Amino acid sequence: MAERHLTVHIFNPETDFALAIGDAHYSPPAKVLSFRREMALFPLSYAAKGDVILSLDNINPITTPLYHHFCQKAKNKGITIKTPREISQYLNKKRAAGCLPFILPWGWNHSLRRDLKHMGVEEDLLKTESEIDSIRLLSHRRTTISFNEILQSSLSAQDIPVAEEFCSTEKALEFCSMKGDVFLKAPWSSSGRGIMRTAGLNEKKIEEWVRGCINRQGSVMAEIAHDRTGDFATEWWIKDGEPYYMGLSSFSTTPDGRYKGNLYLSENKLSRRLSLLSPQWGPEIIEAQKEGLKKLIAPNYSGPVGIDMLTTSSGALVPCVEINLRMTMGMAVIMQRNIKSDHSHTL
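Residues numbered from 1 in each chain as written. Predicted model: local features only at pLDDT ≥ 70, side-chain atom pairs only at ≥ 80, totals over all residues. Heavy atoms only, no water.

### Structural notes on the environment of V305
Then, in step 1: Within the fold, V305 resides in strand β12 (residues 303-312).
Then, in step 2: Distance in space between the C-alpha atoms of V305 and E165 is 22 Å, their sequence separation being 140 residues.
Then, in step 3: In contact with V305, not counting residues within four places along its chain, are T234, E235, W236, I238, L293, I323, N324 and R326. (Helix = DSSP H or I, 4+ residues; strand = E, 2+ residues; numbered from the N terminus. Contact = heavy atoms within 4.5 Å.)

What follows is the structure in structure tokens.
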């Protein structure tokens, strides 16, 4: 009997911070835990009929706004909500009935793997420790350097900027002094956290931030700030060494790079919007990114990938400023947009 796939969604927004720690003993701060609890049922927006949402925390109907509304929405969509105590027995029953569970967290890290094992989830459903080590290594922002060097070869007619990595506070400050307006980034962070824009800041504040970043994560990434006119991303799924293009997304950020929200537009409208902002956008960008993913990411990773891009006031397209080896809001929007389509080949 052919096995039917069952996707188990988990919203763990702390995943990039857990990757920064690098072991299984990461404990999210109270603010992050609170956000995780509040958004535990967020996957309802993109989960498909028959899927499961595992809440890592007990959901309190009194303190969780719209709890009953979400439960009714889950029931209407044919989606099951499970707690840590329930998930192992539930998955075992589903497997006995011929379903093959596929666990899709917001992102994989050693802490999540440990927690799922403690819940009794079978080992063969989890990423291995070696796979998570690879995810951590590839999620380091230095990966964009190698990726952009591949893009430079494929898109030789374009001027593609490449970030620099510094392990020395003095060298990083020298770069900032030479370039002026600079984005400094921690090797692992998300949603604009762990990022500092140097414009208008005094050198002492910049030095303190850089020194702290290097002490915590070993280095700091630096790139010239652009006069951006738009923020976009291409969303991908990698399976069996092959990257599959899922669609385009667009989002808004604050001047210092913090994520604000996504646009809910069709692929055609997003592509037209991007083309108006930059004539450099076209299928050759997607092909070049696909080549980079196939060479650099696909040999050691399977799952969702988001490549953040931006357009500038000069009409240039910067085809890679971030690579996210996890779910993204852009991917969630695409999955929601195509919820009635069959994407089982990507999972």
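### Quick word on the environment of N300
Then, in step 1: Its place among the elements puts N300 in the loop between α11 (283-296) and β12.
Then, in step 2: Taking the C-alpha atoms as reference points, N300 and I224, separated by 76 residues in sequence, lie 30 Å from one another.
Then, in step 3: Discounting chain neighbours no more than four positions away, the residues touching N300 are S134 and L138.

### Looking at the nonpolar core
Then, in step 1: One finds I103, L116 and V121 to be the most contacted residues of the largest nonpolar core, which totals 49 residues.
Then, in step 2: Of all hydrophobic cores here, the second largest spans 16 residues; its members include A172, L173, F175 and V220. (Core = buried A, V, L, I, M, F, W, Y, C linked by side-chain atoms within 4.5 Å. Buried < 20%, exposed > 50% of the residue type's maximum accessible area, 1.4 Å probe, protein only.)

### Thoughts on the sheet that holds strand β5 (residues 164-166)
Then, in step 1: The strand order across the open sheet formed by 4 strands is β5-β8-β6-β7, and the pairing between neighbours is antiparallel. The open sheet terminates on both sides in strands that have one partner only, identified here as β5 and β7 (195-197). The sheet shows a mean angle of 25 degrees between the axes of neighbouring strands, direction not considered.
Then, in step 2: Pairing between β5 and strand β8 (residues 220-224): 3 bridges, direction antiparallel. Within the sheet, the bridge partner assigned to E164 lies in β8 and is A222. (Pairing = 2+ DSSP bridges. Axes fitted to C-alpha atoms, helices over the stretch in contact; angles between N-to-C directions.)

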